[in-house]
Amino acid sequence: MTTSVDLTELKRVLRGLWGAQDPDDSTLAILKRGVRGEEAMLIDGELVTASDGSTFDNVNPATGQVIGTVADASAADVDRAIGAARRTFDESNWPYDAELRRHCLLQLHKAMVESADLFRATAVTEIGVAVRTSNTFHSDWPISSIPYWADMATNFEYEQTMPERPWAAGTRHLIRHEPIGVVAAITPWNFPLQTAMTKILPALAAGATVILKPAFQTPWHATLLAKLIAEKTDFPAGAINIVTPSDNAVAERLALDPRVDLVHFTGSTAVGKRLMGDASKRVARVALELGGKSANILLEDADFARIVPQAAGVVCMNAGQGCVLPTRLLVPRSRYDEAKELARITFENVPFGDPTDPDVIQGPQISELQKDRVLDLIAQGVADGATLLTGGGKADGFDSGFYVQPTLFADVEPESTIAQREIFGPVLAMIPYDTVDHAIHIANNTSYGLAGYVWGDEDSAVAVARRIRSGMVAVNGGFFYGHDIPSGGYKESGLGRESGVEGFQEFMETKVIAIAV
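A. View of the pattern of salt bridges. Scanning the entire structure with this criterion turns up 31 salt bridges. Put simply, Lys511 and Glu178 hold a salt bridge, and the shortest N to O gap is 3.1 Å. Note that Lys511 is positioned in strand E22 (residues 508-516) and Glu178 in strand E6 (residues 171-179), a separation of 333 residues in sequence.

B. Looking closely at the side chain of Thr244. On the secondary structure map, Thr244 appears in the loop between strand E9 (240-242) and helix H10 (248-251). One polar contact links the side chain of Thr244 to the main-chain carbonyl oxygen of Ala71, over a distance of 2.6 Å. If we skip the residues at most four places from it in the chain, Thr244 touches Met41, Phe56, Val70, Ala71, Asp72, Ala73, Pro214, Pro219 and Thr223.

C. Representation of the pairing of strand E18 (residues 451-455) in the model. Most of E18 is tucked away: five of the five residues are buried. Relative to E18, strand E12 (residues 295-298) runs parallel, the two being bridged by four bridges. Its bridge partner lying in E18, Ile297 is registered against Val454. In this region the chain leaves E18, passes through helix H18 (residues 458-465) and returns to the parallel neighbour strand E19 (residues 472-475); the handedness of that crossover is right-handed.

D. The state of the cysteines, seen in detail. In the structure shown here, the tally under the stated rule is zero disulfides. In this model Cys316 remains outside any disulfide bridge; the closest cysteine sulfur is found in Cys323, 17 Å from its own. Classification of Cys323 by relative accessible area gives buried; the value is 12%.

E. How the structure looks around the sheet that holds E22. With antiparallel pairing, three strands are arranged side by side in an open sheet as E5-E6-E22. Each having just a single partner strand, strand E5 (159-161) and E22 make up the two edges of the open sheet. Direction aside, neighbouring strands of the sheet carry axes that sit 15° apart on average.

F. Inspection of helix H7 (residues 146-155) at higher detail. For H7, every residue scored as buried is listed here: Ile146, Trp149, Ala150, Met152 and Ala153. Looking straight down H7, one finds its buried side chains confined to an arc of 160°; they lie on one side. On its buried face, H7 sits against helix H4 (98-114), helix H6 (136-144), helix H8 (192-206) and helix H19 (500-505).

G. Fine view of unusual backbone geometry. Of note, the phi angle at Asp411 is positive, near 55°, even though the residue is not glycine. Even without glycine at this site, Ser499 takes up a positive phi of about 75°. On the secondary structure map, Ser499 appears in the loop between strand E21 (494-495) and H19. The buried category is assigned to Ser499, whose relative accessible area is 8%.

H. Quick peek at H8. The end-to-end C-alpha distance of H8 is 22 Å, a good match for the 21 Å that 15 residues give at a rise of 1.5 Å each. Among the 15 residues of H8, 15 are classified as buried, and the element is accordingly described as predominantly covered.

I. Focus on the packing of aromatic side chains. Taken as a whole and assessed by the stated rule, the structure comprises 19 aromatic pairs. Judged by centre distance (6.4 Å) and plane angle (35°), the ring pair of Phe137 and Phe479 falls under tilted. Taken together, the residues Phe137 in helix H6 and Phe479 in the loop between E19 and strand E20 (490-491) connect sequence positions 342 residues apart. Given a relative accessible area of 5%, Phe137 falls into the buried group. Both rings, one in Phe137 and one in Tyr481, keep their centres 5.4 Å apart while their planes meet at 75°; by these two values the pair is edge-to-face. With Phe137 in helix H6 and Tyr481 in the loop between E19 and E20, this residue pair connects regions lying 344 residues apart in the sequence. Under the relative-accessibility criterion, Tyr481 is labelled partly exposed at 23%. Through a chain of ring-to-ring contacts, three or more aromatic side chains come together here, namely Trp18, Phe137, Trp141, Phe191, Tyr453, Phe479, Phe480 and Tyr481. The ring of Phe304 has Arg335 sitting right over it, with the charged end atom 3.8 Å from the ring centre.

Cut-off values and rules
- Residues numbered from 1 in each chain as written.
- Predicted model: local features only at pLDDT ≥ 70, side-chain atom pairs only at ≥ 80, totals over all residues.
- Heavy atoms only, no water.
- Salt bridge = Lys/Arg side-chain N within 4 Å of Asp/Glu carboxyl O.
- Helix = DSSP H or I, 4+ residues; strand = E, 2+ residues; numbered from the N terminus.
- Polar contact = N/O pair within 3.5 Å; in protein donor to acceptor, adjacent residues only side chain to side chain.
- Contact = heavy atoms within 4.5 Å.
- Buried < 20%, exposed > 50% of the residue type's maximum accessible area, 1.4 Å probe, protein only.
- Pairing = 2+ DSSP bridges.
- Right-handed = clockwise from strand over helix to strand, strands pointing away.
- Disulfide = S-S within 2.5 Å.
- Axes fitted to C-alpha atoms, helices over the stretch in contact; angles between N-to-C directions.
- Arc of directions from axis to C-beta.
- Expected span 1.5 Å × (residues − 1).
- Phe/Tyr/Trp six-rings, centres within 6.5 Å; stacked < 30°, edge-to-face > 60°.
- Lys NZ or Arg CZ within 6 Å of the ring centre and 35° of its normal.

All we've got here are geometric facts, nothing functional implied.
Here's what the structure looks like:
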């Protein structure tokens, strides 16, 4: 069939997905002269190099070239950070002084606003994220959440008196929420600043102390944060520590150490299970935000010409490296050919390449290893009999860097590998359905349950959303992220919630005080 598409309008839609915008001149100027990342970690209030002098290389995925070095934390460094966090929680007034916590968070907000362009340029350089998308999850959104958490520190009702009840005559009950203690915040490489801030901000606001361990592939956002905290804020020594080990065995000490009260992790389901097992050996709390294989359901009455370009194009954001991205497109069989053509045209017009180019929306994969993994899964899709409509290989015209073409599959079997596995690349699997019940069954028939998307008549779409077994569902383009909105998943997509009051309470214990009257 022939489908008419206004390519100018299509490119405008793609360039504005999820809040993307033209980069400001200051960010482009930093990229032009080159980002010089910080090497030092933050331990017990001091900016320090590794105790044994070790460093590791930071690699730009757009070029495959080393762009600088970072302190490679040893086991001794991690132990020192845990000890500092434990001491500050146990021996200082930090857990009890909400005004101090608010003050320090607002200082951090001011410092990060002043360095927002550097955070954006750092994201482009070490993640390979397109510069026009660096203003969202990689800088402005997490920075703008800080005042919310500063207010939460002083406005949250930490203690409530229960009303009198006939069965509790003679006793007054107080319900107290107290900071959990020492938090190990372990974050991934795909949205490193966003995931770090959704952990450390509520933890610090609640009165916990923190050790942040970023992914070794993207350390510079964390070392920049360390520098700002050390030089621009009054956080007490040990309240927040930032360590950058390259060895996962060293990082794993955070989950095994009995001085750590909560392990808060975002990353792959496989690693999450391992950390959960480590923490279970000492009955420590865990909060996990893990993988996803989100379904995007188009109902019969949806406006396909408007929606399909958005639904398809967004899969290429961050080079497809996002756990909530809608990587399965479920379409009624009666309109399947129409949707395939619209999606094909969209994928063939996705601007990809050099992430410093303001017109690009898809940059490289994070590493050679990740590029090869994505290509292997694409090959598996072909072997399983799915129809490769466009893409499917290494991007032409790039002598260096870790690029994969925007890739579109049709006629994907719901049980096949590419419909069940999280690919973490710019790959969309199109699946036809016969009835709405069939679509809901396909959407729910995975081990994941992180996000979902539905398009169509609002009442019908909301009815479908209520039946999707996921922690977050967007209806007609609604946006389910926000610092005051709890986010998280069902099933193997995780445990607990981030953001909002529910996310704040992840960093607390609940105590009952019963007083005879």
